[in-house]
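Observations on chain architecture
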Amino acid sequence: MDTTRRRPNAILVLTDDQGYGDLACHGNPIIRTPNLDRLHGESVRFTNFHVAPTCAPTRAGLMTGRNCNRTGVWHTVMGRSILREDEATVAQVLAEGGYRTGIFGKWHLGDNYPSRPQDKGFQEVLVHGGGGVGQGHDYWGNDYFDDTYLHNGVLAAQEGYCTDVFFREAMGFIEANRDRPFFVYLPTNAPHGPYNVDPKYSRPYLDAGAPESTARFYGMITNIDENVGRLTAHLEALGLADNTILIFMTDNGTSEPGFNAGMRGRKGSEYEGGHRVPCFVRWPGGNLAPPGTDIDRLAANVDMLPTLAELCGLAPPAGVKLDGVSLASLLCGEASDWPDRVIITDSQRIEHPEKWRQSAVMTQRWRLVNGTELYDIQADPGQEHSVAGDHPEVLAQLRAEYEAWWTELSPTFEDYCEIVVGAEAENPSRLVAHDWHDVFPPWNQTHILEGQAANGFWAVRVERAGEYEITLRRWPEEVNAPITGAVPGGTAIAAHTARLAIADVEVRQPVPDGAPAVTFTAQLPAGDTRLQTWFVNDAGEDRGAYYVYVRRIEP
């Protein structure tokens, strides 16, 4: 008997930069989210659910069940949004259990082997590049409308608005796999900036007096809401709704000023508004608590992997220390005596983590912020008055928890998550300045248009010793403009010499007039190393090549 057919399907919708207060069902007096409100009413809701304060760190914890700092991901750029090669994901757990797995939207845990979604358990992949549409890793000129995305590793032109495309393709995947268990991860890039949306979605908010930025932000969420309605109707039409676990959550606090449900802080903050987010779980045919049940127990993104594994009848990855715990008994109303716990989140956003930096140590009652401020979150949900002086024993206890956590995790904070070049799985590899180390990089296409003068290195691993072709570009291949030239909206730069350093190789050559690229050939040994490039002008000023293509030449 094929017991996998009785296992539930799972869909995880994760929106980007939508906060706890950006929902009508959470009290926002302006926004219109009728389909998410309906889902809220049909779900078991976690009301004390936490993530990291920014994008990639939340995704790392969500995918692995481990604190993001364990996984090498504590930033959104600088090579610190790349998931370690040896990290196992929820997609791998489910795929190994017989599930068909697909991702549609924003990955933001590495754009190169071995950290791409197809390397981490996803069998069907449709994603934009980097941490957002229009960033350096993304296809040049993408603007949310009729974009080009990576479909199973191959660039493919799409028709329609980004959110509509990701939901449409996810629904097609669901229909194609309706007769077997599937896992759909639907991490939208919306409502992350830039706030590009059809005016029909933003106009009602403008008419209601909302500022332009807020109107566009809310319009993007209204479009998401519309797509959630399409998704739930699609599940009903296919007869899949009863045996499908549908989860809705967001990746951090809101990025837009406005209603914030009384919380302090927004995206990026160590205060509650930076990391407390909605989490709705609906499973009509499962043994969950009644719809509309609120669970106030402290929970987090790291709990999602063990929870889905248990609900789907699978084991978590063997030999892996998880920071998360299964919430299945809470969801099913069977945990009458749930123990208190400690969860730690922080917002590092630098090359190497710093102790206590923008940190929150959480228990059911307490929040220790930055190692010195203590809040009774039940009595003071807005975190207005620190009571550290009144509760020295609690302060000492939570500081000790953090100290132990830091001692355990910090030995790996100097390590890099190398991009592997010359591998069969990806050859050539495209390296993008987004992942430079030791400098805040030009991570967005606007920075590249400006010709931002910056430079850093890529941490790489040469898979196999041999001859390699390394091509330096200012513009990506799809643009193919001269290194010193400008494209519409861009700035020309001066460069007469191109220079490359990797392993024990350091070479240079002139930049020919009008050349879109300079290519070097080098013999490279296998192993971990650094790759750095320079475009140098007559005054000796330099900037790195924003795009580098590395190809192992077949013997």
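Structure: see above.
Given the structure is predicted, the values throughout are model-derived calculations rather than measurements.

Notes on the side chain of arginine 70
- Note that arginine 70 resides in the loop between helix H2 (55–64) and helix H3 (90–96).
- Among the residues examined, arginine 70 registers a relative accessible area of 12% and is labelled buried.
- Looking at arginine 70, its side chain comes within polar contact range of the side chain of aspartate 323, at 2.7 Å.
- Excluding anything up to four places from it in sequence, arginine 70 contacts Arg84, Glu87, Lys321, Asp323, Glu408 and Leu409.

As for the pattern of salt bridges
- Enumeration over the complete set of coordinates arrives at 30 salt bridges.
- Residues arginine 216 and glutamate 212 are paired through a salt bridge, measuring 3.4 Å at the closest nitrogen-oxygen approach. Of this pair, arginine 216 and glutamate 212 are both found in helix H6 (residues 212–237), four residues apart, which corresponds to roughly one turn of the helix.
- Using a relative accessible area of 26% as the deciding quantity, one classes arginine 216 as partly exposed.
- Exposure remark for glutamate 212: the relative accessible area of 44% places this residue in the partly exposed category.
- A salt bridge links arginine 464 to glutamate 424; the nearest nitrogen and oxygen atoms lie 3.1 Å apart. Of the two residues, arginine 464 is situated in the loop between strand E18 (458–462) and strand E19 (466–473) and glutamate 424 in the loop between strand E16 (419–421) and strand E17 (429–432); the sequence distance between them amounts to 40 residues.

What to know about the sheet that holds strand E14 (residues 366–369)
- With antiparallel pairing, four strands are arranged side by side in an open sheet as E12-E13-E14-E15. Across the chains shown, the open sheet's two edge strands, defined by having one partner strand only, are strand E12 (343–346) and strand E15 (373–376). The mean inter-strand angle of the sheet, taken between neighbouring strand axes irrespective of direction, is 20°.
- In the sheet, E12 pairs with strand E13 (residues 359–362) via four bridges, with the strands oriented antiparallel. Within E13, the position partnered with aspartate 346 by the bridge is serine 359.
- Against the sheet, helix H10 (residues 392–409) makes contact with E12, E13, E14 and E15, and its axis sits at roughly 65° relative to E14, the strand it touches most.

Some words on the environment of glutamate 270
- On the secondary structure map, glutamate 270 appears in the loop between strand E8 (244–250) and helix H7 (272–275).
- Judged by its relative accessible area of 10%, glutamate 270 is buried.
- Measuring from C-alpha to C-alpha, the distance between glutamate 270 and isoleucine 82 comes to 22 Å, with 188 residues separating the pair along the chain.
- What glutamate 270 contacts, discounting residues up to four positions off in sequence, is His275, Gln358, Ser359, Ala360, Val369 and Asn370.
- Within the structure, glutamate 270 has its side chain in polar contact with the side chain of asparagine 370 (distance 2.8 Å).

Structural notes on the packing of aromatic side chains
- Scanning all chains against the criterion turns up 22 aromatic pairs.
- Taking the centre distance of 5.2 Å and the plane angle of 50° together, the rings of tyrosine 195 and phenylalanine 217 count as tilted. With tyrosine 195 in the loop between strand E7 (182–187) and helix H5 (199–207) and phenylalanine 217 in helix H6, the pair connects residues that are 22 residues apart, well separated along the chain.
- Note on phenylalanine 217: relative accessible area 0%, which makes it buried.
- Ring geometry for phenylalanine 248 versus phenylalanine 280: centroids 5.6 Å apart, planes at 35°, classification tilted. Linking phenylalanine 248 in strand E8 with phenylalanine 280 in strand E9 (residues 276–282), this pair joins segments that are 32 residues apart in sequence.
- The class for phenylalanine 248 is buried, based on a relative accessible area of 1%.
- Exposure remark for phenylalanine 280: the relative accessible area of 1% places this residue in the buried category.
- An aromatic cluster of three or more residues is present, and its members are Trp74, Trp356, Tyr402, Trp405, Trp406 and Phe413.

The rules behind these values
- Residues numbered from 1 in each chain as written.
- Predicted model: local features only at pLDDT ≥ 70, side-chain atom pairs only at ≥ 80, totals over all residues.
- Heavy atoms only, no water.
- Helix = DSSP H or I, 4+ residues; strand = E, 2+ residues; numbered from the N terminus.
- Buried < 20%, exposed > 50% of the residue type's maximum accessible area, 1.4 Å probe, protein only.
- Polar contact = N/O pair within 3.5 Å; in protein donor to acceptor, adjacent residues only side chain to side chain.
- Contact = heavy atoms within 4.5 Å.
- Salt bridge = Lys/Arg side-chain N within 4 Å of Asp/Glu carboxyl O.
- Pairing = 2+ DSSP bridges.
- Axes fitted to C-alpha atoms, helices over the stretch in contact; angles between N-to-C directions.
- Phe/Tyr/Trp six-rings, centres within 6.5 Å; stacked < 30°, edge-to-face > 60°.

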